Amino acid sequence: VCSSDLIGCNDKTRFMYMGGRTHRADIDLLSGKFERIGGEKYLTDRAEFVLCGYEPTKQALYNTREDMEKKNGNYKIKEMHGEYDYMANVFRKTNSFKIYPSVDLENYLNYYDSADVALVPLVENTWNSYKSELKLVEAGCKHVPVICSAVAPYTDAIQFKQEGVMMVDTPDQWIDYIRYCLKNPNFVHDQGEKLYSWTNENYDLIKVNKLREQVFNSL
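Worth saying up front: this structure is predicted, and the values here are computed from it rather than measured.

A. Representation of the sheet that holds strand E2 (residues 47–54). What the 6 strands build is an open sheet, ordered E5-E2-E1-E6-E7-E8; its pairing is parallel. For this open sheet the edge positions go to strand E5 (97–101) and strand E8 (165–168), each flanked by a neighbour on one side alone. Ignoring which end each strand starts from, the neighbouring axes of this sheet average 25° apart. Sheet topology places strand E6 (residues 117–120) next to strand E7 (residues 146–149); 3 bridges connect them, and they run parallel. Along E7, the bridge assignment pairs Leu119 with Ile147. Helix H6 (residues 134–141) rests against strand E1 (13–18), E6, E7 and E8 of the sheet, and its axis sits at about 175° to E7.

B. Summary view of the layout of surface pockets. What the largest pocket holds in volume is close to 400 Å³. Looking at the lining of the largest pocket, the elements that each hand over two or more residues are E2 and H6. Among the elements that line the lining of the largest pocket, the one with the most residues is H6, at 3 residues. Residues of the lining of the largest pocket, tallied by class, amount to 10 nonpolar, 6 polar and 5 charged.

C. Here's a closer look at the packing of aromatic side chains. Considering all chains together, one arrives at 7 aromatic pairs under this definition. Centre to centre, the rings of Phe34 and Phe49 are 5.0 Å apart; their planes meet at 50°, and the pair counts as tilted. Linking Phe34 in helix H1 (residues 24–38) with Phe49 in strand E2, this pair joins segments that are 15 residues apart in sequence. The class of Phe34 is buried, set by a relative accessible area of 1%. With 5.0 Å between their ring centres and 90° between their planes, Tyr180 and Phe187 make a pair best called edge-to-face. Note on Tyr180: relative accessible area 42%, which makes it partly exposed. Owing to a relative accessible area of 22%, Phe187 belongs among the partly exposed residues under this scheme. Cluster of aromatic residues (ring-pair linked, three or more members): Phe15, Phe34, Phe49 and Phe91.

D. Helix H9 (residues 185–202), seen in detail. Counted at 1.5 Å a residue, the expected span for H9 with its 18 residues is 26 Å, and the 26 Å between its end C-alpha atoms agrees. Buried residues of H9: Val188, Gln191, Gly192, Leu195, Trp198 and Thr199, and no others. Taken around the axis of H9, the buried residues stretch over an arc of 125°, which confines them to a single face. In H9, those exposed residues whose orientation departs by more than 90 degrees from the buried face are Asn186 and Glu201. Tucked inside the fold, the buried residues of H9 contact E6, H6, E7, helix H7 (154–157), E8 and helix H8 (173–183).

E. How the structure looks around H1. Helix length check: H1 (15 residues) gives 20 Å between terminal C-alpha atoms against 21 Å at 1.5 Å per residue, within 8%. Along H1, the positions that sit buried rather than exposed are Asp26, Ile27, Leu30, Ser31, Lys33, Phe34, Ile37 and Gly38.

F. Fine view of the side chain of Lys98. Structurally, Lys98 can be placed in strand E5. A polar contact of 3.0 Å, which involves the side chain of Lys98, links it to the side chain of Glu48.

G. Region of interest: the pairing of E2. Burial analysis of E2 places 8 of its 8 residues in the buried class, which makes it a mostly covered element. The pairing of E1 with E2 spans 6 bridges and is parallel. Each residue of the ladder has a partner; that of Arg14, found in E2, is Glu48. Of the strand pairs in this sheet, E2 and E5 are connected by 5 bridges, and their pairing is parallel. The residue bridging Tyr54 from the neighbouring strand is Pro101, located in E5.

H. Representation of the nonpolar core. If you look at the biggest cluster of nonpolar residues, it comprises 28 residues, and the most contacted ones within it are Phe15, Phe34, Phe49, Leu51, Leu119 and Ile147. Mapped onto this core, the elements with two or more residues apiece are E1, H1, E2, helix H4 (83–92), E6, E8 and H8. Ranked by size, the runner-up nonpolar core spans 24 residues in total, among them Tyr100, Leu122, Tyr154 and Ala157.

Criteria and thresholds
- Residues numbered from 1 in each chain as written.
- Predicted model: local features only at pLDDT ≥ 70, side-chain atom pairs only at ≥ 80, totals over all residues.
- Heavy atoms only, no water.
- Pairing = 2+ DSSP bridges.
- Helix = DSSP H or I, 4+ residues; strand = E, 2+ residues; numbered from the N terminus.
- Axes fitted to C-alpha atoms, helices over the stretch in contact; angles between N-to-C directions.
- Contact = heavy atoms within 4.5 Å.
- 1 Å grid on protein atoms, 1.4 Å probe; cavity = no way out; pocket = protein on both sides within 12 Å on 5 of 7 lines; lining within 4 Å.
- Points joined across faces, edges and corners; volume = space filled by probe spheres on them.
- Nonpolar A, V, L, I, M, F, W, Y, C, P; charged D, E, K, R; others polar.
- Phe/Tyr/Trp six-rings, centres within 6.5 Å; stacked < 30°, edge-to-face > 60°.
- Buried < 20%, exposed > 50% of the residue type's maximum accessible area, 1.4 Å probe, protein only.
- Expected span 1.5 Å × (residues − 1).
- Arc of directions from axis to C-beta.
- Polar contact = N/O pair within 3.5 Å; in protein donor to acceptor, adjacent residues only side chain to side chain.
- Core = buried A, V, L, I, M, F, W, Y, C linked by side-chain atoms within 4.5 Å.

Structure below.
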C-alpha cells in the first residue's frame, strides 16, 4: 500500500476508483482490461490507475474456544488476505498504479481533487439497479468526468452521453475511452465541467432543501 501523500506527483493522467470492499465483483469487470493495459507501454507511460479506500482485512484470533464464545477480549488481531487485496491486485495489473488507504467521511472526497477521470464499473443486476447515482454526483461536484458501466442507476440519471459521463456499453470501451482521454486532455476538462453543471443543476443542496421544506409544509 502506498503512503497517503497527495495523488498526482507526476504528469500522468490519473484514472481513479474509490469504493468499499463490497465492490470486488465490480472491480473484476476491469481485470482483463487492466491486464491488457499493463502490457501496452503507450498506456502505462501516460496513465496511472488509482485505487482509493483500501482497508486491510482483520480477523480476531481468540486464545481459546471459551474466549471466542464469551467474546471476552482475549484475542489478537491478525491481518489476512481479503476482498480489498483482490481489488488492489487488479489495479497492479496495469503496471502503473497507486493504492491509497481509507480516510474518514469528512475527507474522502478530497481524493477527487487530484483525479482526472473517475472509473465507475458496476455489475448489471437487480440489486445494483436500486442504488443511487452518488458516484456521479461525487465526481461531478469536483469537476471530474466519469467512465462508467452503462447500467442502472447511471443510465437512469444521465439521459444523454454529453453530460460528462462516458457510458461503457461493451467491455472494450473501457480501454477505448481511457485511450481517448489520454489523447484529448481538453475533452477531459470539458466533460468534467459538463458533469459539474449537471450536478449543480440537479443536486444543489439549497434547491433540494427548499423542495424538502415545501414537502414538509404540505403535510
